[in-house]
There are 2 protein chains.
Amino acid sequence: MTDVTTEASGATQRPAAARAIGPEGAPAYDLIELLFFAYRDFVRDADEALAAYGFGRAHHRVLHFVDRNPGLRVTELLDILKITKQSLGRVLRELIDQGFVIQREGASDRRQRLLFVTERGDALALKLAHLQTERISRALDGCDADVGAAARRFLFAMVDPEERNAVARLATPGRPRGGRA
Amino acid sequence: MTDVTTEASGATQRPAAARAIGPEGAPAYDLIELLFFAYRDFVRDADEALAAYGFGRAHHRVLHFVDRNPGLRVTELLDILKITKQSLGRVLRELIDQGFVIQREGASDRRQRLLFVTERGDALALKLAHLQTERISRALDGCDADVGAAARRFLFAMVDPEERNAVARLATPGRPRGGRA
DNA sequence: TCGTTACGTCAGTCATATTGACTTATCCCG
DNA sequence: CGGGATAAGTCAATATGACTGACGTAACGA
């Protein structure tokens, strides 16, 4: 095999993994690396499609969460993305200027700028979601039926405990698709 | 509940999710979002520790893969990270200048600059791996025993098919920890 | 000898993020 | 009503991580 570790045969240093048993047991190198590789390829699907619009990953994230949560407030979006409003600023302005997102004054609080996707924005968000769903479907096709549920549980448990309520509200499988209730 | 979607009550646009049934069925919004949130929090652990060294995520990735694969060639590292050698350049130079990584001439091919971590580099790589392992362990603790295996299968299946051989060589659970064999 | 490979580097650019300071408009409470 | 707090936007400067393109050097190998 062409295991890259064998390339080091001429050197004196032994592999770091040999002393990788620390206070908490052996590092979970497999899951650490699988998360890296899976995420690397997962986001690339959408990145390539976005390039055609002159958009990047940041535009995708904004578009996605606005699409999924019509009427989202700017502050809520900042809290989801964990970025500053200055960072959001440029991306959001570009999405608005190019007609993918619109803002409306809050009905009860006129300081708020509620965010909505336009039809164009929804179409793009949906296209990107389908790209990513295709990869997910193909992944699950090659697995036992229970792997999808287990993956959901694992990924949810990887989220910061303090964030889980917020994530559960946004990303649960049973979340209503046809209405606001 | 304070479901953010209810904030939109004053607006006329219906939620985009209502018409989110496309050619490939309903998008897997739950897994798409869980991947985002899990990865967002997963990388943050290491990011915070790296800041103390003046390093960023890119340094971590290089350090990690060199630590795990002593004698790695520069070309191989570029292939793993899927970045250009110009991008790697600065990061690698900083790691070398500050004594976390060293280079050695290849024994058989003197054009090669084989990469190794120093003791300092190994210590940092291990520290970061433990941080991430802690999150993973805690996540798996709250799950059924088979969830870890299922998560591995799912994440592996999410990788591009052409990349899976390379990933399997690097990130398999059974990979020998104590030697090069 | 000559083409290819491995690596490095210079220069310029872009996307995404940061901190800090400041403005405007609006809300809400005392 | 006045004034502090909140929602949002903006200006400026900076960091980080990535890119393309071009070029140089050394070493391999047919």
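See the structure printed just above.
Residues numbered from 1 in each chain as written. Chains lettered and ligands numbered in written order. Predicted model: local features only at pLDDT ≥ 70, side-chain atom pairs only at ≥ 80, totals over all residues. Heavy atoms only, no water.

**Section: the protein's contact with DNA strand D**
The condition is simple: Whether a residue is near a molecule or strand is decided by its heavy atoms; if any one of them lies within 4 Å of it, the residue is near. Two N or O atoms form a polar contact when they lie within 3.5 Å of each other; inside protein one atom must be a possible hydrogen donor and the other a possible acceptor, and for residues adjacent in sequence the pair counts only when both atoms belong to side chains. Put simply, DSSP marks the helices as runs of H or I at least four residues long and the strands as runs of E at least two long, and each gets a number from the N terminus on. Classification used: nonpolar for Ala, Val, Leu, Ile, Met, Phe, Trp, Tyr, Cys and Pro, charged for Asp, Glu, Lys and Arg, polar for all others including Gly.
Lining the immediate surroundings of DNA strand D are 25 residues, of which Thr75, Lys85 and Arg111 of chain A together with Arg61 and Ser87 of chain B lie closest. Among atoms of DNA strand D positioned within 4 Å of the protein, sugar and phosphate together represent 62%. A distance of 2.8 Å separates a phosphate oxygen of DNA strand D from a polar atom in the backbone of Thr84 of chain B. At 2.8 Å from a base oxygen of DNA strand D is found a side-chain nitrogen or oxygen belonging to Gln86 of chain B. Taken together, the elements giving at least two residues each to the surface near DNA strand D come down to helix 3 (74-81) and helix 4 (85-97) of chain A together with helix 2 (57-68) and helix 4 (85-97) of chain B. The biggest single contributor to the surface near DNA strand D is helix 2 of chain B, with four residues. Here the residues of the surface near DNA strand D are counted per class, giving three nonpolar, ten polar and twelve charged.

**Examining the protein's contact with DNA strand C**
Taken together, 25 residues form the shell around DNA strand C, and within it Arg61 and Ser87 of chain A together with Thr75, Lys85 and Arg111 of chain B come nearest. In the model, a base oxygen of DNA strand C is placed 2.4 Å from a nitrogen or oxygen of the Lys85 of chain B side chain. Measuring from a phosphate oxygen of DNA strand C, one finds a side-chain N or O atom of Gln103 of chain B at 2.7 Å. Put simply, the parts of the chain that give the surface near DNA strand C at least two residues each are helix 2 (57-68) and helix 4 of chain A together with helix 3 (74-81) and helix 4 of chain B. Here the surface near DNA strand C is composed, by residue class, of three nonpolar, ten polar and twelve charged.

**Things to note about the packing of aromatic side chains**
Between two aromatic rings, the relevant description is the distance of the centres plus the angle of the planes. What counts is decided by this rule: The aromatic pairing rule takes the rings of Phe, Tyr and Trp, using the six-membered ring of Trp, and pairs them if the centres are within 6.5 Å, calling planes under 30 degrees apart stacked, those over 60 edge-to-face and the rest tilted. Relative accessibility under 20% of the residue-type maximum defines a buried residue, over 50% an exposed one, and the middle range a partly exposed one, all with a 1.4 Å probe and only protein chains included.
Enumeration over the complete set of coordinates arrives at 15 aromatic pairs over all chains. Ring centres of Phe37 of chain A and Phe65 of chain B lie 5.7 Å apart, and the angle between their planes is 50°; this geometry places the pair in the tilted category. Of the two residues, Phe37 of chain A sits in helix 1 (residues 29-51) while Phe65 of chain B sits in helix 2, which places them in two different chains. When sorted by exposure, Phe37 of chain A lands in the same class as Phe65 of chain B, which is buried. Between the aromatic rings of Tyr39 of chain A and Tyr39 of chain B, the centroid separation amounts to 3.8 Å while the plane-to-plane angle is 5°, which identifies the pairing as stacked. Here Tyr39 of chain B lies in helix 1 (residues 29-51) and Tyr39 of chain A lies in helix 1, a pairing that spans two chains. This pair shows no difference in class: Tyr39 of chain A is buried, exactly as Tyr39 of chain B is.

**A few points about the environment of Arg90 of chain A**
All names here are of chain A. Here Arg90 shows up in helix 4. According to the relative accessible area criterion, Arg90 is partly exposed, its value standing at 43%. Distance from Arg90 to Ala58, taken between C-alpha atoms, is 10.0 Å for residues 32 residues apart in sequence.

**Some points on the packing of helix 2 of chain B against helix 5 (residues 119-141) of chain B**
Residue and element names in this part refer to chain B. Selection rule: Axis geometry follows a simple rule: fit a line to the C-alpha atoms, using only the stretch in contact for helices, then measure angles between N-to-C directions, giving values from 0 to 180 degrees. The scheme is simple: roughly parallel for angles under 35 degrees, roughly antiparallel for over 145, roughly perpendicular for 65 to 115, oblique for anything else. Any two residues whose heavy atoms approach within 4.5 Å at even a single point are treated as in contact.
The geometry of helix 2 relative to helix 5 is characterised by a closest axis approach of 9 Å and an angle of 105° between their N-to-C directions. Classified by the interaxial angle, the pair formed by helix 2 and helix 5 is roughly perpendicular. Taken together, the residues of helix 5 that come into contact with helix 2 (itself represented by His60, Leu63 and Asp67) are Gly121, Asp122, Leu124, Ala125, Leu128 and Gln132. Broken down by class, the residue content of the contact of helix 2 with helix 5 amounts to four nonpolar, three polar and two charged.

By themselves, these figures tell us nothing about what the structure is for.
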